[in-house]
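Residue-level listing of the chains:
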Amino acid sequence: MSSRRVAQCLLASSLILSPALLAARGHAEPATSFDRQAAVARAAGYDATVGRDRWGVPRVHGKTDADAAFALGYAFAEDDLTLVEEAFVPANGHRLIARSPAEAQSAYVAQLFRVAQYADRAWDGVLSAEAKAYLTAYADGINLYAAQHPDRIGRPDLFPLTGKDVLRNTIFQAPLFYGMSATLTRLIAPDTTRSLGKGQGLQVGAAPPVRGAPLMRGADADLGSNAFAVAAKRSSDGATRLIANSHQPLEGPLAWLEAGIFSDQGLRFAGGAFPSSPLMHIGANPDLAWTATVNRPDLIDTYKLVVDPARPSQYRLDGEWRTFETSTARIRLRQADGTVAMVERPIRWSAHGPVLDTRDGPVAIRYASMDEARGVETSLRMMKARSVAEARMLLETLTVPSTNRIFADRTGAIARYYLARMPKRIDGPNWKGMLPGDDSRLIWTAFEPFAALPHVENPAEGWVTEANSSPFQQMGSASDPDPARFPPRFGIETELTNRARRATGLMRALPTISRDQLWAVKMDHSYAPESHAALLRSMILAAPWASTPAYAEPIALLKAWDLTLDPDNRSAPLAILTMQPIGAALQLGQKPPELKDAMDAAVAFLRRHHGRLDVPWSQVNQLQRDGVRRPLTGGPDVLRAASSEPDEKTGTLKTIVGDGLVIMAEWDKRGRQMVRSISPFGASGRPGDPHRTDQMDLFVAGKLKPVAMTWGEGLARRYRPQAMTARR
C-alpha cells in the first residue's frame, strides 16, 4: 500500500491537511537513529539459511518456525528493500515522519481506526508466544539486511522494525480487502475515483479513471482472482489438482512475492506472500493446497449521527445525549526545508466506531474486523494444516474476515469456503444504505456462525471454481448453495463476472478433466455472449451514428469481433480500447463516456501509434518491465486476466493488474505431489538484478516452472544471512 494511494485532497473532512496547517508548528527534528550493531547482534540468535533456486526464488530454512521467518524477512529485503519499506509505511505512520500530505493522511486513517491500540491489545493478551516470535523474527530479518546495507535504506525512520509493526500492517489491511477504500471514498471524496493499479491499498480520492480500468461492473471488480480445484473422481488420470490464480497489481507492495519456507518444526510451504508479512496466503504444503479470491459480503455499516447543535461534543442514541470519545492524531510531516511540522487532527468515536466529518454531517463506521487480530494466528496454523477438514476447523473461528478460500488435499477432498465475519444484524433496515445513528439496535456485537455462509464441499461434479462472483451460481447445478437460505442482510453478491460464466461453462462441458484441459480453462481468453463486453458491443452497433460513413471501418471491425482475445485478433484492440473506459465508469458507479466518444478515442490512439485500426492484439497488449516488452494474450475480465493502461510512449496497453503468481499443485493417484508456478516478471525487484525479468518469457508463453517441496532440493546456492558482508 503506497502512500501515493491515499488522496491528495479529502473534501469536507477532518482528513484535510492544508498547506497552512502543515507549515505551522515547524521545528527541526533529526531522523530516528537505527542502531545497526544492535540489529546484527539480535540476528545472531537465529539459526537460519536462505537458499535460491535457478530463478532466484528464495527457499528458506530454520531450525524453528521463527528462524525460518527470520530468513524469509532477510530474503524479501534482499530482493527489494524499497518495496518492503513502502509496504510498512501506511500502518505505521504514527511513529514515522510523513514525506507528503498523502502519507500524513494515511497516518491519520491508521490512528482514526485505532490500529496501534488494537495491535497492542492483541500482542499483550491474544496472540500466542509462537505467533509473536514468528512476526518478530520476520522483522529482525529485514532489520539485519538493512543494517548490512545502509546505502539501500530509503526510510531510516522506519528502522528498526518490530513484530508489532508487522501485526499493525495485518490489522490495517484487513478492511481494505472487503471494501473500506470504496466506503471512505464514497463518504469523504465522492467526486473522485480509485486507481486500477493500487489493488487493495488505501485509496481515498485516487487519480482520475484511466482507460486501463477493468471491463467489469460491480464494487472492487478490479480486485479479481480465479481459482480451480478438481477432485480425483473427475480428473482423467485420478489426480487431485488446484490452481491458484490470484489477480493483484503486478508491481508494488500488494504484488505477490514467491517463496518456500521450511523448518525443523514441521513448516513446509511454497507459495505467495506480501512483503509486509511472513504469512503465506496462497500455495501448498505436502498435504494441502489452497488459494484465495476477493469476495464482497456486506461487512461495513455507516450511521448518520444526530449531533446536539448546542453541544457538538454529544450525539443522540436511544433518545439520550452521549459524549463522543475524543483523542488527537499526531502526525509529523517533513517540510521542503528539512524541518518537521507536527500536525494535530481531532479523532472522535461514537458507540458505533470511528466518526468521519462528511458533507452531510458526521457519519460513524462499524466494520467486521474491528479489534480482530487473530487472523495471523490462523494463517500461521493454516500453513501446517494437513487436510481440508483441518483447514475448515481453523476457518470456523471467524478470524479471517473475508475472501473466498478454495482447497484441495492429498486425499482428494476439495472445497470452496465463502469467508465473512458476518455481523449478526436484525432484519428490516437497509444495511447497504446509510443507517440512522440514534438506534442502538443497529449496533451489532456478535457474528453469524461459519456454517451460516454459502460454502461448497466435495460437490458431486468433482470440481469447484471461483471468479469473484455470486456463490449461488458457480457450479450451475444443485450443488450451488440455495440463495433463499441466506437473508438479504448478509449482502452477498449476486452478479457474475465473465470469468465465472466462462469457467463454469468450460468445466461443465468436460466429461473428465485432464491437467492440460484444466490449464486450458485457466488460460481461456474469451467473452461469453452474456458478458458485459458483448452487451457493450451490441449497444455500440445499435447507436445511430454507427451507420454513418465516417464510422464504416471501425464498425466493420467491431462487427467482425468474435469476442476473443487471440494474439492475431485484429478487432480486439479497437474493442478493448473502446470499452475499457465505459466499463471503468460503470464499475465505479459513475456516468460513462458516450459510446461515440469512447470509440473516437480508441480510433485516435490506434491511428496515432500504429497508423491503422486492424492491428493484431499481440502488438497492442504487452507485458513490460525495464524496457523488456512481450506480447501477452488475455485481457480484462477473461480467465487469462490482464488489465492494462495505455502507454503513450510505446503505443501499447501495459498490463498492470491481472495474473500474478500462478501456482498449480497436484497429487497423482498414488499421492505423489507435484507443484509448479510462474510469476509475470521474476523473483527480484531490485534494479539490475537478473531475476527482475527472467520469468517473462515463460509467463507470456503460459508455461510453469517446477517448485521444490523439500528443503535443499533444486537450490543453486545457499547462505546464512548473518554471514553476508555488511556494507559501510
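Computed from a prediction, not measured in an experiment: that's the story for all the values here. (Residues numbered from 1 in each chain as written. Predicted model: local features only at pLDDT ≥ 70, side-chain atom pairs only at ≥ 80, totals over all residues. Heavy atoms only, no water.)

Take the sheet that holds strand S18 (residues 402-409) next. The sheet built from 10 strands is open, its strands ordered S21-S19-S18-S10-S9-S8-S7-S3-S2-S29 with mixed pairing. This sheet does not close on itself; its edge strands, each paired only once, are strand S21 (456-457) and strand S29 (715-719). Each of strand S10 (288-293), S18, strand S19 (414-420) and S21 touches helix H10 (residues 388-395); the most contacted strand, S19, lies at about 5° to it. (Pairing = 2+ DSSP bridges. Helix = DSSP H or I, 4+ residues; strand = E, 2+ residues; numbered from the N terminus. Contact = heavy atoms within 4.5 Å. Axes fitted to C-alpha atoms, helices over the stretch in contact; angles between N-to-C directions.)

What follows is about the nonpolar core. In this structure, Ile-142, Phe-159, Leu-167, Ile-261, Tyr-367, Met-383 and Phe-407 are the most contacted members of the largest nonpolar core, which totals 114 residues. In terms of residue count, helix H3 (residues 65-88) provides more of this core than any other element does, 14 residues in total. Residues Leu-242, Ile-243, Val-294 and Met-696 belong to the second largest nonpolar core, which totals 52 residues. (Core = buried A, V, L, I, M, F, W, Y, C linked by side-chain atoms within 4.5 Å. Buried < 20%, exposed > 50% of the residue type's maximum accessible area, 1.4 Å probe, protein only.)

Another point: the pairing of strand S14 (residues 325-334). In this sheet, S14 lies alongside strand S4 (residues 97-98) in parallel orientation, the contact comprising two bridges. Residue pairing across strands places Ala-98 opposite Leu-333, the latter belonging to S14. Looking at chain direction, S14 and strand S15 (residues 340-349) are connected through 10 bridges and run antiparallel. From the neighbouring strand, Ile-331 faces S15, where its bridge partner is Val-343. A loop of five residues connects S14 with S15, the two strands running antiparallel in sequence, and Gly-338 in this loop sits at a positive phi of about 95°.

Residues at a pLDDT of 70 or more form 90% of the protein chain, whose mean pLDDT is 90. Within the model, the stretch residues 1-31 combines pLDDT values under 50 with 91 contacts to residues more than four positions away or in other chains. When the criterion is pLDDT under 50, residues 193-222 qualifies, and its contacts beyond four places in sequence or with other chains add up to 126 contacts. (pLDDT = per-residue confidence, 0-100.)

Relative to strand S27 (residues 673-678), strand S26 (residues 652-667) runs antiparallel, the two being bridged by six bridges. Across the sheet, Ile-663 pairs through a bridge with Ser-677, a residue of S27. The antiparallel pairing of S26 with S27 creates a hairpin that spans five residues between the two strands, and Gly-671 there sits at a positive phi of about 90°. Note that S27 and strand S28 (residues 705-707) share three bridges and pair antiparallel. Residue Arg-676 lies in a different strand from S28, and its bridge partner there is Pro-706.

Buried within helix H14 (residues 552-560) are the following residues: Pro-554, Ile-555, Leu-557 and Leu-558. Along the axis of H14, the buried residues cluster in a sector spanning 160°; they form a single face. Turned more than 90 degrees off the buried face of H14, the exposed positions are Lys-559 and Ala-560. (Arc of directions from axis to C-beta.)

Below, the discussion takes up helix H13 (residues 532-542). Listed in full, the buried residues belonging to H13 are Ala-533, Ala-534, Leu-536, Arg-537 and Ile-540. With its buried residues spanning 160° around the axis, H13 presents them on a single face.

Cis rather than trans, the peptide bond between Phe-159 and Pro-160 has omega equal to 0°. By the element assignment, Pro-160 lies in the loop between helix H6 (129-148) and helix H7 (163-173). A positive phi angle, close to 65°, is found at Leu-563, a residue other than glycine. With respect to the secondary-structure elements, Leu-563 resides in the loop between H14 and helix H15 (572-587). Leu-563 gets classed as buried once you look at its relative accessible area, which sits at 9%.

Within the open sheet, the four strands sit side by side as S16-S17-S11-S20. Their pairing is mixed. Whereas interior strands pair on both sides, the edge strands pair on one side only; in this sheet they are strand S16 (355-358) and strand S20 (434-436). Here the strands of the sheet are splayed against their neighbours by 40° on average, with no regard to which way each runs. Across three bridges, strand S11 (residues 300-304) lies against S20 in parallel orientation. Across the sheet, the residue bridging to Lys-304 is Pro-436, located in S20.

So, about the side chain of Asp-287. Mapped onto the secondary structure, Asp-287 falls in the loop between strand S9 (282-284) and S10. You can call Asp-287 buried: its relative accessible area is 18%. If we skip the residues at most four places from it in the chain, Asp-287 touches Arg-386, Ala-408, Asp-409, Arg-410 and Trp-667.

In this description, a pair of aromatic rings is defined by centroid distance and the angle of the planes. Under the counting rule described, the total for this entry stands at 17 aromatic pairs. Where Tyr-46 meets Phe-70, the ring centres are 4.4 Å apart and the plane angle is 5°; that geometry is what we call stacked. Here Phe-70 lies in helix H3 and Tyr-46 lies in the loop between helix H2 (36-43) and strand S2 (48-53), a separation of 24 residues in the sequence. The class for Tyr-46 is buried, based on a relative accessible area of 12%. Owing to a relative accessible area of 0%, Phe-70 belongs among the buried residues under this scheme. Here a set of aromatic residues connected by ring pairs shows up, and it is made of Phe-269, Trp-290, Phe-407, Tyr-417 and Phe-450. A cation over a ring is seen here: Arg-366 above Trp-444, with NZ or CZ 4.8 Å from the ring centre. The ring of Phe-699 carries Arg-640 above its face, with NZ or CZ at 4.5 Å from the centroid. (Phe/Tyr/Trp six-rings, centres within 6.5 Å; stacked < 30°, edge-to-face > 60°. Lys NZ or Arg CZ within 6 Å of the ring centre and 35° of its normal.)

Here we come to the side chain of Thr-291. Position of Thr-291 among the secondary structure elements: in strand S10. Residue classification places Thr-291 among the buried positions, given a relative accessible area of 0%. The residues contacting Thr-291, other than those within four sequence positions of it, are Ala-227, Leu-242, Ile-243, Ala-244, Asn-245, Ile-282, Asn-404, Arg-405 and Ile-406.

Okay, the environment of Pro-278 next. Turning to its location among the elements, Pro-278 is positioned in the loop between strand S8 (268-273) and S9. Between the C-alpha atom of Pro-278 and that of Ala-71, which follows or precedes it by 207 residues, the distance is 9.9 Å. When residues no more than four places from it in sequence are discounted, the contact partners of Pro-278 are Ala-69, Leu-72, Tyr-134, Leu-135, Tyr-138, Val-166 and Met-383.

Our focus in this paragraph is the pattern of salt bridges. Tallied over the entire structure, the rule returns 46 salt bridges. The partner of Arg-392 in a salt bridge is Glu-457, and the shortest N-O contact between them spans 3.0 Å. Here Arg-392, found in helix H10, pairs with Glu-457, found in strand S21; they are 65 residues apart in sequence, far enough to count as distant. Overall, Glu-457 belongs to the partly exposed group, its relative accessible area being 38%. (Salt bridge = Lys/Arg side-chain N within 4 Å of Asp/Glu carboxyl O.)

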